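Listed below, chain by chain, are the residues.
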Amino acid sequence: MTSTADLYDEHGDTLQSLALQLRDFGGRTAFEGPIRTVRCFQDNQLVKDLLATDGAGAVLVIDGSGSLGTALMGDMIAASAVANGWAGVLVHGAIRDSAAIGRLPLGVKALGTNPRKSAKTGTGQVDVMLRFGDVEFCPGARLYADEDGVLVER
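Residues numbered from 1 in each chain as written. Predicted model: local features only at pLDDT ≥ 70, side-chain atom pairs only at ≥ 80, totals over all residues. Heavy atoms only, no water.

A. Seen up close, the nonpolar core. The biggest cluster of nonpolar side chains holds 24 residues, and the ones touching the most others in it are Val47, Leu51, Leu60, Ile62, Met73, Trp86 and Ile95. Listed by contribution, the elements that provide at least two residues to this core are helix H2 (45-51), strand S4 (59-63), helix H3 (75-83), strand S5 (88-95) and strand S6 (107-113). In contact with Val47, not counting residues within four places along its chain, are Val38, Cys40, Leu60, Ile62, Leu72 and Ile77. Core analysis: the next-biggest nonpolar cluster, separate from the first, contains 18 residues, Leu90, Leu130, Ala141 and Leu143 among them. (Core = buried A, V, L, I, M, F, W, Y, C linked by side-chain atoms within 4.5 Å. Buried < 20%, exposed > 50% of the residue type's maximum accessible area, 1.4 Å probe, protein only. Helix = DSSP H or I, 4+ residues; strand = E, 2+ residues; numbered from the N terminus. Contact = heavy atoms within 4.5 Å.)

Structural data, given as structure tokens:
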């Protein structure tokens, strides 16, 4: 994969650059793929359900409203993502089981961690446009991520 810095140098403002500073947790720090989305708040049932389907190299962007109150993904859900061919997960919120996730061949970026489980009621939306960190995440657009940050096609 070409670095995000080189991609930005080549394509400039045709790419959106996420100003939000996320931490790398996955075993892969560089990943890319078409975007799928979930909007949820302290409820990860939709995340679990979606990552249990064929990812076909996609990146799941989860907008948890920036909440660090509960984790939206743990090691079992991350392992499911790997088994189903997802390239990565970007969480505008928290994850848990970070040491175990770090051993998986999956790109994972999140705001932070919290060992507390989230609800499982299925509240939220799938494949909707998300906006945080001054970036629009539209289903089907391409996301590029590495140690320097996140870029998204306009």
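B. Local environment of the pairing of strand S11 (residues 149-153). Among the five residues in S11, four count as buried, and that is most of the element. Bridging between strand S1 (residues 15-17) and S11 involves three bridges; their strand directions are antiparallel. Within S11, the residue paired with Ser17 across the bridge is Leu151. The loop that links strand S10 (residues 142-146) with its antiparallel partner S11 comprises two residues. (Pairing = 2+ DSSP bridges.)

C. Spatial organisation of the side chain of Asp146. Locating Asp146 in the fold gives a position in strand S10. The buried charged residue Asp146 lacks any salt bridge partner; its closest oppositely charged side chain belongs to Lys109, at an N-O distance of 6.1 Å. A distance of 2.7 Å separates polar atoms of two side chains, one belonging to Asp146 and the other to Thr4. For Asp146, the side chain forms a polar contact with the main-chain nitrogen of Asp148, separated by 2.9 Å. In this structure Asp146 touches Met1, Ser3, Thr4, Asp24, Thr29, Ala30 and Lys109, once residues within four positions along its chain are discounted. (Lys, Arg positive; Asp, Glu negative; His and termini not counted. Salt bridge = Lys/Arg side-chain N within 4 Å of Asp/Glu carboxyl O. Polar contact = N/O pair within 3.5 Å; in protein donor to acceptor, adjacent residues only side chain to side chain.)

D. View of the environment of Gly124. Relative to the elements of secondary structure, Gly124 occurs in the loop between S6 and strand S7 (125-126). Spatially, the C-alpha atoms of Gly124 and Asp43 are 7.9 Å apart, while their sequence positions differ by 81 residues. In this structure, Gly124 is in contact with Arg39, Cys40 and Leu46, ignoring residues within four places of it in sequence.

E. Broad picture of the pairing of S6. Of all seven residues making up S6, five are buried, and the element is well covered by its neighbours. The pairing of strand S2 (residues 23-24) with S6 spans two bridges and is classified as antiparallel. Opposite Arg23, over in S6, you have Ala110 as the bridge partner. Alignment of S5 against S6, held across six bridges, turns out to be parallel. Each residue of the ladder has a partner; that of Val91, found in S6, is Ala110.

F. Quick look at the pattern of salt bridges. Using the criterion set out here, one finds five salt bridges in the structure. Between Asp127 and Arg36 there is a salt bridge, with its nearest N and O atoms 2.8 Å apart. With Asp127 in the loop between S7 and strand S8 (130-132) and Arg36 in strand S3 (residues 31-39), the pair connects residues that are 91 residues apart, well separated along the chain. Take Asp127: its relative accessible area is 31%, and that puts it in the partly exposed class. Note on Arg36: relative accessible area 26%, which makes it partly exposed. In this structure, the salt-bridge partner of Arg131 is Glu136, at a minimum N-O distance of 3.7 Å. When its relative accessible area of 46% is taken as the criterion, Arg131 is described as partly exposed. A relative accessible area of 33% means that Glu136 is categorised as partly exposed.

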